[in-house]
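Residues per chain, in single letters:
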Amino acid sequence: MPRISLPWTRAPWIKSAAALLGAAFAYYVWRAATLSITTDEAFTATSFVTPPWLQILTTYDANHHFLHSYLCKLVTSVFGIAPFALRIPALLGAALYLWSAWRLTRTLCGDSPVMPALCALLAFHPGLVDYFSLARGYSLALGLLLYALAETNEQRWRRVSLALGLAVAANAVFILPAATWIAVTLLTRRLWNQADSLIAPGAVAAFILMIVPVTHATEANFYFGAGDFLTSMQTVFLYPLTLLLVLAAALYERGRLALTLALTLAGLAALHFAKGLPWPQGRTGVYLIPLAILLLGQASARWRWSALPLAAAAVFCLATLTPTYTREWQFDSNNREVFAYLQSHYPTTPIAAEPPLFNSLEYYRRLHAVTAMPPIVKLDPAHPAAVNILLAPNPQFRELTRFQPSGVLLAAPAK
Amino acid sequence: MSPLLALAALALGWLALGVFHIKLRADERWPAALAVGTPLLAALVLLLVKLHLFRRTPLLAATAVLVGLALWRRRGILLEDAPPLPRPILTLCAIGLLGLSAWAGYNAFGPDTTPPGEDQTFAAAAQIFRGAAKPHWDATALWSAAFQFNGHAAVPPLHAVYLPALALAFLAFLRRHLPPLAAVLATLLLATAPAFQLFAARSGAQLVWLLCLFTALWLAHLAGRTSQPRLLLPVLLLAVFAAKLHSIGGDAPGGYLFGWFPWLATLPLAALLAWALQRQPLCLAALAAFQFAASLPPLTPPPQPTSQETARFLESDTPAHALTWAEHPVAGAWTTRRSTTDPALLLILQSAWDENLRPARQRRQFVTSTLRRTFFIEHSGRIAEVRFYRNDVELPRNPAWRVRNLDGEAAATLAFDNSPVTGCHCAIGIDFGAPVEFDEVRISGTEGEYIGAPKGLRRAATLELKRRGITHILAWEKGTLYGELSRNAQYWGLREVGSRDAAHLFTLD
């Protein structure tokens with residue numbers, strides 16, 4: 001990829017891309033401040049942030065994104081356990097992601113209309129956008145992955161290695177793209193004498209941050225994923241057309257990004273067939289999206305009118321944004337209102353919630369230290385509580401009130 | 001006071017290396033001298049025992065004389081020119097190694113943590129100190145000398161000295177091959193290894209063995225590199241001494257970094273890491289710091305002090321000549337009574353009552369009645385006894401028969417000893433020495449047609465144990481044996497003579 005020496009302040013498209021990414025970050029911050037806590041975030045908070053350090057270090061679960069959990073622990077020890085404080089590490093990851101996206105696209109496209117279109121795709125792709133505002137390790141890992149890619153262009157190998165190692169520590173599913181990027185860089189640039197700089201810092205950082213909890217992992221912990229390749233790719237890329245475009249771009253470009261994507265998919269296949277690990281599903285394959293977008297950008301940079309379809313795709317992404325809820329956890333979008341309602345109407349009533357809602361509601365109960373309210377428990381249909389929170393209508397229950405857009409309803413037993 | 005013995009070893013080694021005009025770098029002299037002096041000190045202890053001077057005062061006097069001689073001959077070891085460690089790296093090395101040595105020493109001065117079952121050297125040294133045994137030219141000689149200073153408590157501090165010695169030997173080796181900072185950091189990586197930290201606080205002899213073995217290899221390498229064939233003399237001494245120590249065993253967690261490998265691999269792995277990361281000193285430093293932090297509580301629970309309660313129980317409740325079979329190892333250094341956990345004896349006891357091991361079945365194998373010189377029995381379950389018949393009359397066993405275990409556990413001869421409680425899980429090959437004729441083989445054991453277990457199996461097991469010198473059995477309430485032994489003590493021919501906490505002591509009538 002050629003380096004651009006033009007000062008960015010005198011390049012209109014580069015400036016507009018920067019403004020677009022700034023707006024994207026403002027959007028992430030606004031969402032982080034306004035979205036209700038999601039089930040997975042609540043589980044992270046109660047299992048890997050609020051417990052003592054020893055418990056955090058000696059517990060393993062697929063939900064435990066180590067580096068992210070440690071950062072959350074540090075941040076919440078200063079700012080408390082409120083949702084926004086919990087999401088600060090993810091926002092830092094998002095900032096790193098956007099800055100790295102700007103650097104990468106600038107190097108890739110220069111001052112051309114393709115650059116803001118690519119930036120918009122990277123910032124607002126529906127498969128990515130939710131994670132930048134949620135307290136999960138994906139944002140941090142994505143930021144570090146793109147930072148490593150940007151630093152590769154600068155040939156700062158220790159930084160590349162460290163960023164990839166930290167990305168893996170932030171989310172273990174990034175181990176495949178990280179390893180393949182290092183392998184591809186080593187192979188294609190013939191960096192044999194720099195192998196230690198490119199491998200050691202990241203490997204050591206990931207080892208130190210991960211090894212203690214990973215030693216407590218069992219095979220049963222690796223449960224989340226898709227059963228077959230096509231379902232997996234559909235959940236990751238959302239639209240089958242994207243997959244075809246990526247394939248075409250890879251065949252056309254045949255560079256490092258294409259090789260990285262191919263080797264990553266080969267690694268996933270090997271893990272699936274040799275170890276029985278599931279294929280990535282949605283967020284566990286999230287790293288494929290920015291790699292694919294960059295690959296599309298790289299392939300289309302040679303085509304004169306490439307900005308048009310890319311801009312159209314970006315507009316489509318912007319049009320499909322759902323600011324008030326997240327695609328994967330739509331049922332969680334009213335958790336804050338549900339809890340406020342419960343607090344005002346049923347302050348001392350036993351409450352049960354359908355899984356996985358009880359995690360988020362119990363998080364709010366603990367956050368507001370509502371000691372008068374009994375703990376919100378998992379709903380047992382055979383023994384419902386006085387007030388029950390359901391994901392969908394159920395003939396066994398009488399609806400009391402309903403919340404939108406989650407569709408969650410409060411209900412009492414019918415008899 | 002016992003670490004003074006290390007000073008004696010250092011002085012002896014210094015003198016020995018000086019005698020042979022060995023040429024070493026300044027920082028190579030100290031660990032090499034301590035390593036070479038260790039077998040010589042063991043020999044000195046044997047000499048003092050021979051001269052009936054094996055007491056604290058002669059040991060101190062000998063140490064003083066040796067240190068004086070070494071000071072007098074301090075230039076005996078020739079110096080090879082080498083650049084000194086840069087001052088900041090030297091400071092890092094000094095602070096790191098002194099700190100780690102102080103930590104190891106602090107742990108070594110605490111309660112004994114040597115696990116029962118891994119304390120053979122310690123137990124043997126205790127016996128030597130009490131005059132119940134003679135020392136050999138191995139670690140028992142060193143540890144029994146340590147006993148002269150402050151009993152049991154004197155041994156771990158002496159062993160702890162070998163941790164910095166090993167680290168310095170490793171550093172000296174690496175300095176010839178790696179940049180100074182990488183060599184120092186790799187040394188700290190080695191010294192922080194949880195296995196070595198744990199060994200340094202125990203009374204085993206693992207670090208002595210490792211120092212001797214490593215120094216032998218290192219000096220052999222130096223002999224070639226610096227063209228000093230004279231160095232092969234100390235190499236030979238160290239190699240022989242290391243061979244004498246080779247069965248020290250020992251088990252310790254390798255920690256998070258080396259945990260997938262046996263502790264012996266820690267040293268070569270640390271060297272490999274140092275080589276691979278020689279241009280990445282921050283990585284080496286981070287690994288060493290992490291390894292040390294992770295080996296401390298609360299991530300790693302502290303080693304538990306060795307329980308001496310059972311040892312004291314045996315001491316008070318068994319006679320001096322007693323030999324106890326114990327279900328779990330007993331801290332041998334803390335009692336004068338002998339004990340064993342031989343699993344073969346447990347098998348004998350279990351075969352008397354355990355449904356899966358009782359010889360209650362018989363296989364009858366009919367063969368063509370011809371003259372044969374050899375016969376083979378396939379591996380099938382536990383074989384208690386094998387008998388050959390001709391026309392329903394048993395062939396008398398003959399001392400000329402040669403029996404071999406072809407595949408499996410235990411000696412095949414146990415299937416020919418007329419004891420139903422002994423046997424083997426094996427395939428057996430029999431050479432009759434001369435042609436014999438038989439038409440049937442009866443194999444009693446755990447396979448074949450059920451014929452019922454012979455009567456008096458429990459008593460037979462007790463007699464077998466007695467025949468092997470066992471006088472007592474120590475069983476724990478949560479163990480596999482206690483319930484059976486206490487319920488049917490009269491059938492076993494056992495009598496419970498005492499109990500302490502959950503341990504019950506039975507005597508064989």
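What you see is a predicted model, and the numbers here were worked out from it, not measured in a lab.

Undergrad: It is not clear to me how the overall build of chain A should be interpreted in this structure. Could you clarify?
TA: A count of helices and strands for chain A gives 18 helices and five strands. Across its three principal directions, the C-alpha atoms of chain A cover 70 × 45 × 40 Å. The buried share of chain A, reckoned over its 415 residues, is 49%. Relative to all contacts within chain A whose residues are 6 or more apart in sequence, the contacts with residues 24 or more apart total 76%.

Undergrad: Teacher, can you tell me more about the confidence of the model for chain B here?
TA: Close inspection of predicted coordinates is inappropriate in any region flagged by low pLDDT. Confidence in the prediction for chain B averages 92 pLDDT; 100% of positions are at 70 or higher. Scoring the predicted complex yields pTM 0.86 and, for the interface, ipTM 0.89.

Undergrad: Help me out: how do you make sense of the nonpolar core in this one?
TA: Counting residues in hydrophobic clusters, the biggest one holds 280 residues, and the most contacted among them are A167 and L295 of chain A. At 16 residues, the largest contribution of residues to this core is made by helix α7 (residues 155-175) of chain B. Leave out the neighbours within four places in its chain, and L295 of chain A touches V246, A249, A250, E253, L257, A258 and L261 of chain A. With 13 residues, the next largest nonpolar core counts I383, C424, C426 and I430 of chain B among its residues.

Undergrad: Got a minute to help me understand the pairing of strand β11 (residues 472-476) of chain B in this structure?
TA: Residue and element names in this part refer to chain B. Most of β11 sits out of view: four of its five residues are buried. Bridge count for β11 against strand β13 (residues 503-508) is five bridges, and the pairing is antiparallel. Residue pairing across strands places A475 opposite H504, the latter belonging to β13.

Undergrad: Would you take a moment to explain the packing of helix α1 (residues 4-19) of chain B against helix α2 (residues 26-50) of chain B for this structure?
TA: Helix-helix packing is described using two parameters, namely the angle between the two axes and the distance between the axes. Residues and elements named next belong to chain B. One way to put it is that α1 packs onto α2 with a least axis distance of 6 Å and a crossing angle of 105°. One way to sum up the angle between α1 and α2 is to call them roughly perpendicular. Touching L5, A6, A8, A9, L10, A11, L12, G13, W14, A16 and L17 of α1 are A32, A33, L34, A35, V36, G37, T38, L40, L41 and L44, all from α2. In the contact of α1 with α2, the residues fall into 18 nonpolar, three polar and no charged.

Undergrad: Hey, could you run me through the sheet that holds strand β12 (residues 494-500) of chain B in this one?
TA: Each strand in a sheet pairs with another by means of backbone hydrogen bonds, the pair being arranged parallel or else antiparallel. Residue and element names in this part refer to chain B. Spatially, five strands are ordered β4-β3-β11-β13-β12 in an open sheet, and the strand pairing comes out mixed. Of all strands in the sheet, those with a lone pairing partner are β4 (338-340) and β12, marking the two edges. In this sheet, neighbouring strand axes are inclined to one another by 30° on average, regardless of whether the strands run parallel or antiparallel.

Undergrad: What is the right way to look at the interface of chain A and chain B in this model?
TA: Interfaces are frequently sized by the accessible area removed from exposure as the parts join. Listed by partner, the interface residues are ten residues for chain A and twelve residues for chain B. Only α3 (53-57) and α11 (195-214) of chain A provide two or more residues apiece to the side of chain A that touches chain B. At seven residues, α11 of chain A tops the list of elements feeding residues into the side of chain A that touches chain B. Class assignment for the residues of the side of chain A that touches chain B results in eight nonpolar, one polar and one charged.

Reading the values: rules and limits
- Residues numbered from 1 in each chain as written.
- Chains lettered and ligands numbered in written order.
- Predicted model: local features only at pLDDT ≥ 70, side-chain atom pairs only at ≥ 80, totals over all residues.
- Helix = DSSP H or I, 4+ residues; strand = E, 2+ residues; numbered from the N terminus.
- Buried ≥ 20, exposed ≤ 12 C-beta atoms within 10 Å, placed from the backbone.
- Contact = placed C-beta atoms within 7 Å.
- pLDDT = per-residue confidence, 0-100.
- Core = buried A, V, L, I, M, F, W, Y, C linked by C-beta atoms within 7 Å.
- Pairing = 2+ DSSP bridges.
- Axes fitted to C-alpha atoms, helices over the stretch in contact; angles between N-to-C directions.
- Parallel < 35°, antiparallel > 145°, perpendicular 65-115°, else oblique.
- Nonpolar A, V, L, I, M, F, W, Y, C, P; charged D, E, K, R; others polar.

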